[in-house]
Amino acid sequence: MSVRPHTVETATPAAAVRTPGTAAATTTCDSAPCCDAPLPVLGRDVTVPLVTGGEVTYAALDYAASAPALQRVWDDVAAYAPYYGSVHRGAGYLSQLSTDLFENSRVTVHEFLDCREGDQVVFTRSTTDSLNLLAGALPDGCEVFVFETEHHASLLPWTNARVTYLDAPRTPVEAVRTLGSALAGRDPHGPALVCVTGASNVTGELWPVRELAAAAHAHGARIVLDAAQLAPHHRVSVRDLDVDWVAFSGHKLYAPFGSGVLAGRADWLQGAEPYLAGGGASRKVARRADGGVDVEWHTTAARHEAGSPNVIGAYAIASACRALTEAGFDALVEREQHLVAKVRSGLAEVPEVRVLSLFGDDSPSRSAGGTPTRVGVISFVVEGWNSSHFAAALSAEYGIGVRDGLFCAHPLVRTLLGGESQEVGECGAPDAEPGERSEVGGSPADGPARSLNAIRVSFGAGTPDEHVERFVTAVRELVRDGARWNYRTEDGRCVPAV
């Protein structure tokens, strides 16, 4: 089909940017090793060398950090790339097409999140960027309430507000009760904001977002949902959850190119100074007689999108939103729960493994209403192993990529490990030499030895069964037989010795 400026069809994005006689790349999974994965991803057939000899297909099990791009997203972006042009500024054909693509991507995200009429969708760089943007838009005197269990992206941006940090709750009911008690003691006449995660990036446990939103609103506060770990796994509805804002990252939603979203109520955003000052955010600029300038800022989402926008990043997010919606979240959730059960049952068979859980490792896998209580994110420690050493062996000897460290959630991981919450360390870096252990309390008499950091395995719609089966087998073999290779520390990381 030919392309007409201002009429890009978001329902068929790749087709919308094809010229007659061309076709977007198609993907078949007849021979790919991930045929049992619902949504094919890039890198599914990449092989990596093993220190013990030979190669193996890479098992990407670090989705919670950055999920691989969907093949569908890559194909859509590739189909659009020849038509790339300046956005909002050009009179040419490609500029008009790119502008339509960018703005229609905003509409797609609005629909994906089931936003309310009047809600704004602002494209940012990431969840971290989104929450910092919102932090800069808080009204004067705003109080912020945030649990210590948050990722640093939602724990740290509120530097210009009076922040109340809430202790880690041990049940969903306790979380709601703790928030309600904290809000009851605030000035009911001033603005307040609650920031909460939808799914933990450490334990994968789902938080009672709807109930927390009800508690916030009952006390005159607003609430922002960090959906970075929720949106890739479950449908997120702003209306149903009754949250005021949602923030998420494209790179966790199977969309590369460094883009994110802040979506929600417009009034605080319109009332704030632009996040960045510059072209695109300004509607009118004029010199004054005294030599200064007067600026009239946009009141739309453009107010906080100064500069040339990341149109490819926004389009990638929109493509991922469409792919997930078309695949059906019900089917995706059921498939993921199959993988979660396989990993959890496999780890439970290894006595030396302790899975980290905030709400209790024996908490049900589904709520009373049948809704899953976890996403595909599981963290654990192994008795007798430093986590960096264990993760390095998984990679070098089995071709499995996981994450080790504190996962940019230091207070939460320290709480789960029984360490001091004020201890600090570089995000994701190990705190001990490979093979070293930390004695809780300072001596063996104070308790069993525990790793100073943890291991996280995470997966999603592009993960085949074989990857999690290989992971479970590798954990069992490493614990039983030990590593087959020697390792050393290099630049703070555990690596195979050569």
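Residues numbered from 1 in each chain as written. Predicted model: local features only at pLDDT ≥ 70, side-chain atom pairs only at ≥ 80, totals over all residues. Heavy atoms only, no water.

Peer 1: Teacher, can you tell me more about the sheet that holds strand β8 (residues 222-226) here?
Peer 2: Paired through their backbone hydrogen bonds, the strands of a sheet run either parallel or antiparallel. Pairing in this open sheet of seven strands is mixed, and the strands run β4-β10-β9-β8-β7-β5-β6 from one edge to the other. Of all strands in the sheet, those bounded by a partner on one side alone are β4 (120-124) and β6 (162-166). Each adjacent strand pair in this sheet contributes to an overall mean axis angle of 20°, direction not counted. By the bridge criterion, five bridges tie strand β5 (residues 143-147) to β6 in an arrangement that is parallel. Bridged to Glu143 within β6 is Arg162. In the packing of helix α6 (residues 172-184) onto the sheet, contacts are made with β5, β6 and β7 (192-197), and the angle to β5 comes to roughly 160°. With respect to the sheet, helix α7 (residues 209-218) is in contact with β5, β7 and β8, its orientation differing from that of β8 by roughly 155°. (Pairing = 2+ DSSP bridges. Helix = DSSP H or I, 4+ residues; strand = E, 2+ residues; numbered from the N terminus. Axes fitted to C-alpha atoms, helices over the stretch in contact; angles between N-to-C directions. Contact = heavy atoms within 4.5 Å.)

Peer 1: Looking at this model, I keep getting lost on helix α10 (residues 311-327). Mind explaining?
Peer 2: Each α-helix turn comprises 3.6 residues. Residues three or four places apart therefore point the same way. Between its first and last C-alpha, α10 extends 24 Å over 17 residues, near the 24 Å set by a 1.5 Å rise per residue. Burial runs high along α10: 14 of the 17 residues are buried. Downstream of α10 by a residue or two, Gly328 has a phi angle that is positive, lying close to 90°. (Expected span 1.5 Å × (residues − 1). Buried < 20%, exposed > 50% of the residue type's maximum accessible area, 1.4 Å probe, protein only.)

Peer 1: What is the right way to read the packing of aromatic side chains from this model?
Peer 2: Given two aromatic rings, one states the distance between the centres and the angle between the planes to describe the pair. Per the stated rule, a full pass over the model turns up 12 aromatic pairs. Measuring from ring centre to ring centre gives 6.0 Å for Tyr63 and Tyr254, while their planes differ by 75°; the resulting arrangement is edge-to-face. Note that Tyr63 is positioned in the loop between β3 (59-60) and α2 (71-80) and Tyr254 in the loop between β9 (245-249) and β10 (260-264), a separation of 191 residues in sequence. Through pairs of rings, three or more aromatic residues link up here, namely Phe380, Trp385, Phe390 and Phe471. (Phe/Tyr/Trp six-rings, centres within 6.5 Å; stacked < 30°, edge-to-face > 60°.)

Peer 1: Sorry if this is basic, but what is going on with the nonpolar core here?
Peer 2: In summary, soluble globular proteins display a tendency toward joint burial of nonpolar side chains. If you look at the biggest cluster of nonpolar residues, it comprises 83 residues, and the most contacted ones within it are Leu113 and Phe248. When residues in this core are grouped by element, the largest group, 10 residues, is from α10. With sequence-adjacent residues up to four places away left out, Phe248 is seen in contact with Val109, Leu113, Ser126, Thr127, Ala227, Ala228, Ala231, Leu253, Gly260, Val261 and Ile317. Ranked by size, the runner-up nonpolar core spans 34 residues in total, among them Leu339, Val340, Leu478 and Val479. (Core = buried A, V, L, I, M, F, W, Y, C linked by side-chain atoms within 4.5 Å.)

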